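# Observations on the model geometry
Listed below are the residues making up each chain.
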Amino acid sequence: MPAAKAPEDAYTAAPFVPEGADLPALRQAAGGCRGCPLHRAATQTVFGAGSTDARVMLVGEQPGDQEDRQGKPFVGPAGKLLDRALEEAGIDPAGAYVTNAVKHFKFTRAEPRKRRIHKAPTLREMTACGPWLAAELALVEPELIVVLGATAGKALLGSAFRVGEVRGTVLEREIHGRPERLVPTVHPSSVLRARDDDRRAAFQGLVADLEVAAHALG
């Protein structure tokens with residue numbers, strides 16, 4: 001008799017998403033998600049944070065090392081930079097809902113016990129995690145989604161998405177069955193990775209895109 005398949009082999013979080021749950025219940029349920037193999041190596045699920053009353057939802061790629069350890073999104077260096085950029089653009093970071101397309105940290109190590117190095121999730125992993133993002137969108141019902149980087153863009157808008165082609169513009173698309181307005185921009189980690197002499201310009205580019213989002217919110 002063949003061995004039963006593990007739930008992660010199906011690559012979908014759908015069986016773990018409770019119907020009719022509010023945000024706290026959804027967050028609690030996500031802690032037990034085994035919808036893809038990424039849960040095996042990660043410390044914990046990192047669910048979204050913020051209020052169901054948030055007018056804007058910020059969607060990044062996946063948790064980083066600090067987020068994986070603390071269990072909260074955007075608490076590392078990229079998150080701090082994002083807060084600065086939001087404030088400069090006129091968006092209150094405390095009033096936003098922040099989440100990631102993928103809820104578990106995917107990483108590699110050069111050697112055992114060495115620093116964990118971020119590894120981009122695959123389209124299959126992003127698709128597997130999609131039911132969580134769909135549930136967050138249905139509960140928060142944001143007026144605007146800010147798409148942070150190429151991976152989040154592919155998760156929301158499909159594999160043909162290219163952030164450089166549409167950053168700083170307001171898009172109107174159907175996402176998980178809902179009409180949404182979206183403003184794509186770069187992920188704040190790309191600003192941190194920029195060379196010292198390019199970093200200020202990269203940061204100002206991020207702020208300029210977020211100002212488009214602020215204007216769209218009115």
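Everything here concerns the structure above.
Notes on the structure follow. (Residues numbered from 1 in each chain as written. Predicted model: local features only at pLDDT ≥ 70, side-chain atom pairs only at ≥ 80, totals over all residues. Heavy atoms only, no water.)

### Looking at the environment of Ala96
With respect to the element layout, Ala96 can be found in the loop between helix H3 (77–89) and strand S2 (97–100). For Ala96 and Asp53, which are 43 residues apart along the polypeptide, the C-alpha to C-alpha distance reads 8.8 Å. Here Ala96 is in contact with Ala49, Gly50, Ala54, Val56 and Leu58, once residues within four sequence places are set aside. (Helix = DSSP H or I, 4+ residues; strand = E, 2+ residues; numbered from the N terminus. Contact = heavy atoms within 4.5 Å.)

### So, the sheet that holds strand S6 (residues 171–175)
Read from one edge of the open sheet, 5 strands run S2-S1-S5-S7-S6, paired in mixed fashion. Each edge of the open sheet carries a strand with a single partner, namely S2 and S6. When the angles between neighbouring strand axes are averaged without regard to direction, this sheet yields 35°. Pairing of strand S1 (residues 56–60) with S2, which is carried by 4 bridges, proceeds in the parallel orientation. Of the residues in S2, the one forming a bridge with Leu58 is Val98. Each of S1, S2, strand S5 (144–148), S6 and strand S7 (178–185) is contacted by helix H4 (residues 123–140), which is oriented at about 170° to S1, the strand it contacts most. (Pairing = 2+ DSSP bridges. Axes fitted to C-alpha atoms, helices over the stretch in contact; angles between N-to-C directions.)

### Concerning the packing of aromatic side chains
Counted according to the given criterion, the structure contains 2 aromatic pairs. Between Phe47 and Trp132 the ring centres are 5.9 Å apart and the planes differ by 85°, which places this aromatic pair in the edge-to-face class. You can see Phe47 sitting in the loop between helix H1 (23–30) and S1 and its partner Trp132 sitting in helix H4, a full 85 residues away along the chain. Residue classification places Phe47 among the buried residues on the basis of a relative accessible area of 4%. (Phe/Tyr/Trp six-rings, centres within 6.5 Å; stacked < 30°, edge-to-face > 60°. Buried < 20%, exposed > 50% of the residue type's maximum accessible area, 1.4 Å probe, protein only.)

### Topic: the pattern of salt bridges
Evaluation of the coordinates by the stated rule reveals 13 salt bridges. Note that Asp197 and Arg195 form a salt bridge whose closest N and O atoms lie 3.5 Å from each other. Per residue, the accessibility class of Asp197 equals that of Arg195, and both read exposed. A salt bridge links Asp198 to Arg195, with the shortest nitrogen-to-oxygen separation between them at 3.3 Å. The class for Arg195 is exposed, based on a relative accessible area of 55%. (Salt bridge = Lys/Arg side-chain N within 4 Å of Asp/Glu carboxyl O.)

### Looking at a negative patch on the surface
Negative charge collects at one region of the surface, where Asp83, Glu87, Glu88, Asp92 and Glu211 lie side by side. Here the negative patch takes 3 residues from H3, the largest share from any one element. Within the fold, Asp92 resides in the loop between H3 and S2. (Patch = residues over 30% accessible without salt bridge, like charges linked within 9 Å, V, L, I, M, F, W, Y side chains within 5 Å. Areas by Shrake-Rupley, 256 points an atom, 1.4 Å probe, with all protein chains shown as cover. Lys, Arg positive; Asp, Glu negative; His and termini not counted. Charge placed at Lys NZ, Arg CZ, Asp CG, Glu CD.)

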